[in-house]
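# Examining the three-dimensional arrangement
Residues per chain are reported as follows:
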Amino acid sequence: MLMKPFIKEQKKRFSIASLTIFLSVGLLVSAILSIGFGAVSIPPGEVVSIIWARILDLLHIRNIPDETWKESTAIIILNIRPPRVIMATVVGAGLAVSGTVMQAIVRNPLADPYILGISSGSSVGATAAILLGTFSAFGNYGISVGAFLGALAASVFVFVVAFSGKGNGSTVKLLLAGMAVSAIGSSFTSFMVYTANDAEGIRDVSFWTMGSLTSATWDMLPIPLCVVVLTGGFFLTQFRVLDVMLLGAEAATTLGINILRLRKIYMVLTACMTGIMVAKVGTIGFVGLIIPHVMRMFTGSDHQYLTPAAALGGSIFLIWCDIFARTFLTNVELPIGVVTGIIGGPFFLYLMLTKRYGFGGE
Amino acid sequence: MELSVQNIEVSIGAKHIVRGVSLRASEKQLVGIIGPNGSGKSSLLKAVYRVLKPQAGMVHLNETDISTLSLRETAQKLGVMSQINEFSFDFTVEKMVRMGRTPYKHLMEADSTEDTKLVEDAMEQTGIDALRDRNYSTLSGGEKQRVLIARTLTQQTPCIILDEPTNHLDIKYQLQLMNIVRSLKRTVLAAIHDLNIAAMYCDYLYALKDGLIAGEGKPGDLLTEAFIRDIYEVEAKVVFDNCGRQYIHYVSCLS
């Protein structure tokens with residue numbers, strides 16, 4: 001009788017541990033395969049040996065002469081594709097963690113990282129940058145700056161409305177304020193697109209709003225990488241608070257959690273993280289909504305396991321979506337936001353039909 | 001630990017719900033608050049456990065003014081079992097009970113074997129051992145109630161507040177729960193709607209009506225036929241058996 005619980009515990013830990021290992025290996029394999037896929041297809045063995053040689057070279061352990069591989073292959077493997085794959089990893093993890101945290105904050109299974117109006121706010125900023133040339137002072141970074149400022153403005157606005165007056169920070173008020181701001185933002189974007197006389201610009205806008213990893217370069221990576229690692233890392237430590245948040249404000253208070261203050265802090269952090277990702281790659285939908293649900297089917301609502309699983313799962317999902325976006329049509333690249341919907345939607349529906357998971361309902 | 005409440009006033013909007021209530025639960029006493037629906041029992045308790053901010057008044061735990069403590073410190077001294085809350089994501093019963101350890105945990109700190117033992121003990125004590133792997137949302141009202149009690153026990157606080165703890169319970173579990181509460185030897189302040197339960201278990205009672213204390217005393221002294229008529233507008237017969245136990249029979253409604 002006394003031993004039973006401990007055995008049970010070990011068994012559970014083990015299956016969670018095997019899930020984590022499975023996801024980590026999955027992420028590594030996906031990344032390597034992803035570097036191999038593309039217009040020029042490179043076998044995974046060659047990918048690994050070139051990267052390995054490069055690492056040894058960087059660490060000054062062994063220098064392998066360049067002529068071992070074709071120079072073009074080495075450039076693709078070392079310079080062109082990895083930033084993109086790393087960006088997919090970073091953004092996938094960031095969106096999935098944001099979604100997980102947002103669903104806990106508002107205790108609503110429909111929440112996603114863009115709930116504070118971030119996607120439509122950033123669209124307004126990016127569209128203004130593309131079509132009207134606002135933010136042209138920032139040169140090539142104009143679109144990113146516009147998107148980030150738009151996201152920031154929208155989320156600050158939603159935040160202020162939600163936390164003002166009666167029903168201070170109530171989740172319903174937050175959701176409604178987010179919807180209202182999103183509607184305003186979308187209308188502004190549509191207005192700008194409708195009145196523009198710039199066919200190429202309009203295509204750029206639509207491409208941007210559907211998200212793209214095309215422009216990922218080594219130079220672009222450090223900011224999103226650092227932000228996602230730091231913010232995501234912070235949220236990994238917050239599992240107890242996130243669990244208690246799901247119980248609601250009153251229960252959280254009686255368990256010693258200052259939920260009003262923490263809710264604000266978490267919201268600001270997720271908004272910043274999402275805003276920075278959106279500024280770099282546009283709005284990629286669906287990842288932040290479905291990955292937390294998919295992972296909850298395996299780990300339950302326990303954030304100690306859910307948050308890391310969501311981060312890994314989000315990365316893997318986005319890497320494969322990117323592979324699909326690059327290879328599905330020859331010579332044309334699909335916007336990744338289209339792919340996340342095409343792959344993610346049916347997969348999600350399939351899980352809804354087959355798994356016993358309530359999606360936060362009764 | 002002694003819990004004392006001085007001149008608490010609570011208003012929600014323009015409505016004065018609690019209008020200056022003082023009461024005291026001494027060390028290891030089980031003190032009940034009775035009163036009809038809408039008399040302000042829940043609001044008073046919410047002000048004590050810091051979910052509502054009182055407009056006036058103070059709450060002390062021994063000599064400490066509770067408003068000078070952090071919520072975390074409060075949660076280490078004062079455990080609360082409130083009415084069942086619904087939420088959209090699910091936890092297993094065991095996980096729910098485990099969350100009672102939250103006020104003692106730092107970032108990233110794993111649960112110790114001591115925590116596990118407390119969780120096991122609480123689940124055994126409340127008879128929910130067999131439900132440990134069930135999802136909370138699939139439980140019946142009474143089972144949920146017992147899970148919440150187990151969570152409060154796991155919190156290991158010297159002082160406990162119960163808001164209508166026997167609400168959804170079968171009579172067996174009502175008595176079992178009150179036996180557990182009494183056996184804890186902690187300071188307990190409980191809002192109770194069942195006068196027989198109050199009479200059976202409480203050391204002392206406060207009766208609340210329209211946000212004011214309408215009477216206080218030991219159950220045998222306070223719960224007279226006249227007083228029940230006055231407070232609840234119900235005609236009742238109060239009888240005592242040979243062992244001095246008090247029983248309240250309801251005869252008719254006055255209005």
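Just so it is clear, the model here is predicted, and its values are computed rather than measured.

### Section: the overall build of chain A
- If you tally the helices and strands in chain A, you get 14 helices and zero strands.
- In chain A, the succession of helices and strands from N to C terminus is α-α-α-α-α-α-α-α-α-α-α-α-α-α.
- Relative to a compact globule of 362 residues, whose C-alpha radius of gyration would be 21 Å, chain A shows 22 Å and is just as compact.
- With respect to the three principal axes, the spread of C-alpha positions in chain A is 70 × 65 × 40 Å.

### Description of the overall build of chain B
- The helix and strand tally for chain B stands at nine helices and 12 strands.
- Projected onto its principal axes, the C-alpha coordinates of chain B cover approximately 55 × 40 × 35 Å.
- Counting every position in chain B, which comprises 255 residues, the buried fraction comes to 52%.
- Expressed as a percentage of contacts within chain B between residues at least 6 apart in sequence, the contacts between residues at least 24 apart total 62%.
- For chain B, the computed accessible surface area is about 11100 Å², with 49% contributed by carbon and sulfur atoms.

### Some remarks on unusual backbone geometry
- A positive phi angle is found at Phe286(A), which is not glycine, with a value near 80°.
- Positive phi, close to 60°, is recorded for Lys28(B), a residue that is not glycine.
- By the secondary structure assignment, Lys28(B) is in the loop between strand 2 (15-25) and strand 3 (30-34).

### Examining the sheet that holds strand 4 (residues 56-61) of chain B
Residue and element names in this part refer to chain B.
- Strand order in the open sheet formed by four strands is 2-1-4-5, and the pairing between neighbours is antiparallel. Since the sheet does not close on itself, it has two edges, and those belong to strand 2 and strand 5 (64-65), each with one partner.
- Those strands touched by helix 1 (residues 41-48) are strand 1 (3-12), strand 2 and strand 4, and its axis lies near 115° from that of strand 1.

### Re the pattern of salt bridges
- Applying the stated criterion across every chain yields a total of 22 salt bridges over all chains.
- For Glu333(A), the salt bridge goes to Arg84(A), with nearest N and O atoms at 2.6 Å. Taken as a pair, Glu333(A) in the loop between helix 13 (303-327) and helix 14 (336-354) and Arg84(A) in helix 3 (residues 71-106) lie far apart in primary sequence, 249 residues in all.
- A relative accessible area of 25% means that Glu333(A) is categorised as partly exposed.
- You can call Arg84(A) buried: its relative accessible area is 8%.
- Here Arg98(B) makes a salt bridge to Glu94(B), at a shortest N to O gap of 3.2 Å. With Arg98(B) and Glu94(B) both in helix 3 (residues 93-98), this residue pair falls four residues apart, about one helical turn. A single burial state applies to Arg98(B) and to Glu94(B), both of which are buried.
- Here the salt bridges do not stand alone but share partners, grouping Arg240(A), Glu94(B), Arg98(B), Asp111(B), Glu120(B), Asp129(B) and Arg132(B) into one network.

### Examining the environment of Cys202(B)
Residues and elements named next belong to chain B.
- In this structure, Cys-202 sits in the loop between helix 7 (195-201) and strand 9 (204-209).
- Sequence separation between Cys-202 and Pro-219 is 17 residues; the distance between their C-alpha atoms is 7.1 Å.
- Residue contacts for Cys-202: discarding those within four places in its chain leaves Leu-30, Val-31, Gly-32, Ile-192, Ile-197 and Pro-219.

### Here we look at the packing of aromatic side chains
- This model, assessed by the stated rule, comprises seven aromatic pairs over all chains.
- Relative to Phe163(A), the ring of Phe159(A) lies with its centre 4.8 Å away and its plane at 40°, an arrangement referred to as tilted. Accessibility classification places Phe159(A) together with Phe163(A) in one group, the buried group.
- Ring pairing ties together the aromatic residues Phe234(A), Phe235(A) and Tyr266(A), which thus form one cluster.
- When the ring centre of Tyr173(B) is taken as reference, the NZ or CZ atom of Arg146(B) above it lies at 3.6 Å.

### A few points about a nonpolar patch on the surface
All names here are of chain A.
- A grouping of Val-48, Trp-52, Ile-55, Leu-58, Leu-59 and Ile-61 is seen on the molecular surface, where their side chains present a nonpolar patch of about 620 Å² in accessible area.
- Within the fold, Val-48 resides in helix 2 (residues 44-58).
- Judged by relative accessible area, Val-48 falls into the partly exposed class, the value being 42%.

### Description of the packing of helix 4 (residues 118-132) of chain A against helix 7 (residues 199-209) of chain A
Residues and elements named next belong to chain A.
- Packing of helix 4 against helix 7 leaves a shortest axis separation of 9 Å and a crossing angle of 155°. The angle between helix 4 and helix 7 places the two elements in the roughly antiparallel class. For the crossing formed where helix 4 meets helix 7, the hand is right-handed. Facing Ser-122, Ser-123, Ala-126, Thr-127, Ile-130 and Leu-131 of helix 4, the residues of helix 7 in contact are Gly-201, Ile-202, Asp-204, Val-205, Trp-208 and Thr-209.
- Its residues assigned to classes, the contact of helix 4 with helix 7 comprises six nonpolar, five polar and one charged.

### Let's talk about the confidence of the model for chain A
Residue and element names in this part refer to chain A.
- Per-residue pLDDT for chain A averages 86, and the proportion of residues at 70 or more is 92%.
- For chain A, the element scoring lowest by mean pLDDT is helix 1 (residues 4-36), at 77; helix 8 (residues 222-237) scores highest, at 95.
- Segment residues 1-10: pLDDT under 50, and nine contacts once partners within four positions in sequence are set aside and those in other chains are kept.

### Description of empty space enclosed by the protein
- Counted by the stated rule, this structure contains three cavities of 30 Å³ or more.
- There is about 50 Å³ of room inside the second largest cavity.
- Together, Thr253(A), Thr254(A), Tyr49(B), Arg50(B), Leu71(B), Thr74(B), Ala75(B), Leu78(B) and Val80(B) line the second largest cavity.
- Listing elements by their share of the lining of the second largest cavity, those giving two or more residues are helix 10 (249-254) of chain A together with helix 2 (71-77) and strand 6 (78-81) of chain B.
- Per element, the largest residue contribution to the lining of the second largest cavity is three residues, and it comes from helix 2 of chain B.
- Residues of the lining of the second largest cavity, tallied by class, amount to five nonpolar, three polar and one charged.

How each quantity is defined
Residues numbered from 1 in each chain as written. Chains lettered and ligands numbered in written order. Predicted model: local features only at pLDDT ≥ 70, side-chain atom pairs only at ≥ 80, totals over all residues. Heavy atoms only, no water. Helix = DSSP H or I, 4+ residues; strand = E, 2+ residues; numbered from the N terminus. Rg over C-alpha atoms; globule rule 2.2 N^0.38 Å. Buried < 20%, exposed > 50% of the residue type's maximum accessible area, 1.4 Å probe, protein only. Contact = heavy atoms within 4.5 Å. Areas by Shrake-Rupley, 256 points an atom, 1.4 Å probe, with all protein chains shown as cover. Pairing = 2+ DSSP bridges. Axes fitted to C-alpha atoms, helices over the stretch in contact; angles between N-to-C directions. Salt bridge = Lys/Arg side-chain N within 4 Å of Asp/Glu carboxyl O. Phe/Tyr/Trp six-rings, centres within 6.5 Å; stacked < 30°, edge-to-face > 60°. Lys NZ or Arg CZ within 6 Å of the ring centre and 35° of its normal. Patch = residues over 30% accessible without salt bridge, like charges linked within 9 Å, V, L, I, M, F, W, Y side chains within 5 Å. Parallel < 35°, antiparallel > 145°, perpendicular 65-115°, else oblique. Left-handed = near helix turned anticlockwise from the far one by under 90°. Nonpolar A, V, L, I, M, F, W, Y, C, P; charged D, E, K, R; others polar. pLDDT = per-residue confidence, 0-100. 1 Å grid on protein atoms, 1.4 Å probe; cavity = no way out; pocket = protein on both sides within 12 Å on 5 of 7 lines; lining within 4 Å. Points joined across faces, edges and corners; volume = space filled by probe spheres on them.

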